[in-house]
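Structure at a glance
Here's the letter readout for the chains.
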Amino acid sequence: TVITNHMPTAELQALDAAHHMHPFTANGELSQKGARIITRADGVHLTDSEGHQILDAMAGLWCVNIGYGRGELAEVAARQMRELPYYNTFFQTTHVPAIALAAKIAELAPGDLNNVFFAGSGSEANDTNIRMVRHYWALKGKPSKSVIISRKNAYHGSSVGSGSLGGMSGMHAQGGMPIPDIHHINQPNWWAEGGDMPPEDFGLQRARELEEAILELGEDRVAAFIAEPVQGAGGVIVPPDSYWPEIQRICDKYEILLIADEVICGFGRTGNWFGSETLNIRPDIMTIAKGLSSGYAPIGGSIVSDEVASVIAGDEFNHGYTYSGHPVAAAVALENLRILEEENILGHVRDVAAPYLKQKWEALTDHPLVGEARIVGMMGSIALTPNKEARAAFASDAGTVGYICRERCFANNLVMRHVGDRMIISPPLVITPEQIDVLIERATKSLDECY
Ligand code: PLP
C-alpha cells in the first residue's frame, strides 16, 4: 500500500507506532495515544490529518523563521537538484551554493566572523566547535587547553559531543555522556534560583562562576566557554543585564575563546541577525543552524573569526561531514536569507511583532498561574507557579503542570512547548498582531483550563 495523507488517521498512527522511533519521546506511551499527524502548513499555521488549523507558536523547533509555505525555496531546491544535487567540498573542490552562502553569512555576521565551516545540523556544528577550539590551542602550542566550560541545563545538541557540551542531566544519564574535559557552571535563572538577591547581583554572581571555574581548573587548561545568548531549550532563560558583560570581561581577561550558540538566537529571533548583537557579545565562534534555512533544509555551521580561522588554516583539520555545505541545503538557505533581508523581516520583528508580543506576553502575569514572563524579540517564556510572591515551584513531579498546559494548548490548536513548569514560545518571525492576539487568547484559555 502507498501511504499518503489521505489514509485514515488511526491507520497512519498505527504504522507510525509500529515503525517510527520518535526523538525525545517515550515511544511506548506515544504508541498508546497516537501521534498527531501534521499534513501541511502555511504561514504560521499547521494543518493536521483531522483538518485542525493549529497556530504554531514554536515555529517547528524554533526554526521556521520566515513561516511555512514559501514556494520560492521549493523552486530553488528543485533547480539546484537538477543542476548539481550533490558534490563534496573535501578534496580541493567547491561549488557555487557553498561559496555564495559562506560569503553571505560572512557579510551578515558581526566583526571579523568571516569564515564558515558547514555542517548538517546544530549538533554537528557544535561537535566541529569542540574539535576546532582544541585544535586551535594545540596549533598555538598550548595543547593542555582542552576544557570547554558550558552551563547546566544548556542545550547544544544531541550527538555525543554536543550533548556533552549541553548540561541536561536527563541526557547525561543515558548513553555515556559527558565526554571528558567538559565542565558545567550554573545558569543565570533568577526566577528559580535567585533567592533573595536582586537580579543584577545574581547575574554577576553567576557570571563569576566562570572565573571561579577557570581558576579552579587552571587557566592553562581552559579552551573555551560556550553558551546560548538567550538559553532556549532550557526554558527561555533571559539573563539579567549584568550577566553577559561580565562573561565577556572574563573571557577577554583569561583569553578563553567564546562560542555563542546562535542555533536558536540567530537569523532574527532576537530582533537582530544574531543574538550576540542583541546581548552585546563578541564571540570568536558562532554556532548556526535552524533559522539559517528556516528549517526548509537541514544545514548548520560554525562562523569563525579571522584569528581562529587563520590558525586552523595552518594545518589540515581532519574533520568534516558528507553534507558539509550541501548544495541544495546551501541554495535553500541562501534563498531564505534573501527573503529575510528583502522583505525586511527583522524590521517587522523590531517595529511590529516583538513590541506587540512583548506587551501581550508580559500581561500574562495577570493570570493567577503565571509568575514571571520573559521575552527577548520573538522568544519568550512564562513560569507557572502556585505562589508568585514566593516564586514557588509546583510540588508535584517537575513538569506536570507544564505538561498539562502544553496538552491543553494542543487541544486548543496552539503549539507551545513546556520545559518543566515553564511554557515557551518562539513563533515564526512573520506573525502578525492579529495572529498574536489569537496566540494569546488560546494560551490564556489553556492556562484557565489548568487552573
Ligand atoms: N544548539 C542549540 C542552542 C539548540 O537549540 C539546538 C537544537 O535545538 C542545537 C544546538 C542542536 O541543533 P540540531 O538539533 O540541529 O542538531
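The protein carries the name Aspartate aminotransferase family protein in an unreviewed UniProt entry, which gives Leisingera daeponensis as its organism. Note on the protein: under the UniProt heading Sequence similarities (unreviewed entry), the record states "Belongs to the class-III pyridoxal-phosphate-dependent aminotransferase family."

Spatial strand order, 4-10-9-8-7-5-6: seven strands in an open sheet with mixed pairing. Of all strands in the sheet, those bounded by a partner on one side alone are strand 4 (113-119) and strand 6 (182-185). The sheet shows a mean angle of 25 degrees between the axes of neighbouring strands, taken without regard to direction. Together, strand 5 (147-151), strand 6 and strand 7 (222-227) form the strand contacts of helix 10 (residues 199-217), whose direction differs from that of strand 6 by roughly 145 degrees.

For the rest of this paragraph, the subject is the site of the ligand. Near the ligand, the surroundings consist of 17 residues, among which S121, G122, S123, G157 and V263 are the closest. The biggest single contributor to the shell around the ligand is helix 6 (residues 122-139), with three residues. Grouping the amino acids of the shell around the ligand by side-chain chemistry returns six nonpolar, nine polar and two charged.

To continue, consider the environment of M21. Take M21: it is sitting in the loop between helix 1 (9-19) and helix 2 (27-33). On a C-alpha basis, the gap between M21 and S31 in space is 9.9 Å, while along the polypeptide they are 10 residues apart.

Let's shift gears to the pairing of strand 7. Burial within strand 7 is extensive, with six of its six residues counted as buried. Strand direction decides the pairing type here: strand 5 and strand 7, joined by three bridges, are parallel. When the bridges of strand 7 are listed, V147 appears paired with V222. Alignment of strand 7 against strand 8 (residues 257-261), held across four bridges, turns out to be parallel.

Further remarks concern the sheet that holds strand 11 (residues 370-376). Within a sheet, neighbouring strands are paired by backbone hydrogen bonds and run either parallel or antiparallel to one another. Here we have four strands laid out as an open sheet, ordered 11-12-15-14, and antiparallel in their pairing. Whereas interior strands pair on both sides, the edge strands pair on one side only; in this sheet they are strand 11 and strand 14 (417-419). Recorded for the sheet is a direction-independent mean angle of 25 degrees between the axes of neighbouring strands. Here strand 14 runs beside strand 15 (residues 422-425); their pairing, made up of three bridges, is antiparallel. The residue of strand 15 that forms the bridge with H418 is M423. On the sheet, helix 15 (residues 345-362) packs against strand 11 and strand 12 (379-384) and is oriented at approximately 170 degrees with respect to strand 11. Seen against the sheet, helix 16 (residues 400-411) touches strand 12, strand 14 and strand 15 and runs at an angle of roughly 175 degrees to strand 14.

What follows concerns the packing of helix 16 against helix 17 (residues 433-450). Contact geometry for helix 16 and helix 17: axes closest at 9 Å, N-to-C directions at 130 degrees. On the basis of the axis angle, helix 16 is oblique to helix 17. Classified by chirality, the crossing of helix 17 by helix 16 is right-handed. On helix 17, the residues that touch V401, I404, C405, R408 and C409 of helix 16 are R442, A443, S446, L447, E449 and C450. Taken together, the residues that form the contact of helix 16 with helix 17 break down as seven nonpolar, one polar and three charged.

Cut-offs applied
Counting of residues starts from 1 at the beginning of each chain's written sequence and follows it residue by residue. Whole-chain, interface and lining totals are the exception, using all residues; otherwise, since this is a predicted model, local features are given only for residues with pLDDT of at least 70 and side-chain atom pairs are given and counted only at 80 or more. UniProt positions are given in the numbering used here, feature names are shortened, and annotations may be inferred rather than shown by experiment. When DSSP locates at least two bridges between a pair of strands, those strands are taken to pair. Only runs of H or I of at least four residues qualify as helices and only runs of E of at least two qualify as strands under DSSP, and these elements are numbered from the N terminus. For every element, the axis is a line fit to its C-alpha atoms; helices are fit only across the contacting stretch, and the angle between N-to-C directions ranges from 0 to 180 degrees. Any pair of residues counts as being in contact when their C-beta atoms, constructed from backbone geometry, are within 7 Å of one another. Being near a molecule or strand means, for a residue, that its backbone-placed C-beta atom lies within 6 Å of it. Residue polarity is assigned by list, with Asp, Glu, Lys and Arg as charged and Ala, Val, Leu, Ile, Met, Phe, Trp, Tyr, Cys and Pro as nonpolar; anything else, Gly included, falls into the polar class. Three exposure classes are used, all based on how many other C-beta atoms lie within 10 Å of a residue's own C-beta (placed from the backbone): buried at 20 or more, exposed at 12 or fewer, and partly exposed between those limits. An angle below 35 degrees is read as roughly parallel, one above 145 as roughly antiparallel, one from 65 to 115 as roughly perpendicular, and any other as oblique. Rotating anticlockwise by less than a right angle from the far helix to the near helix defines a left-handed crossing, while the corresponding clockwise rotation defines a right-handed one.

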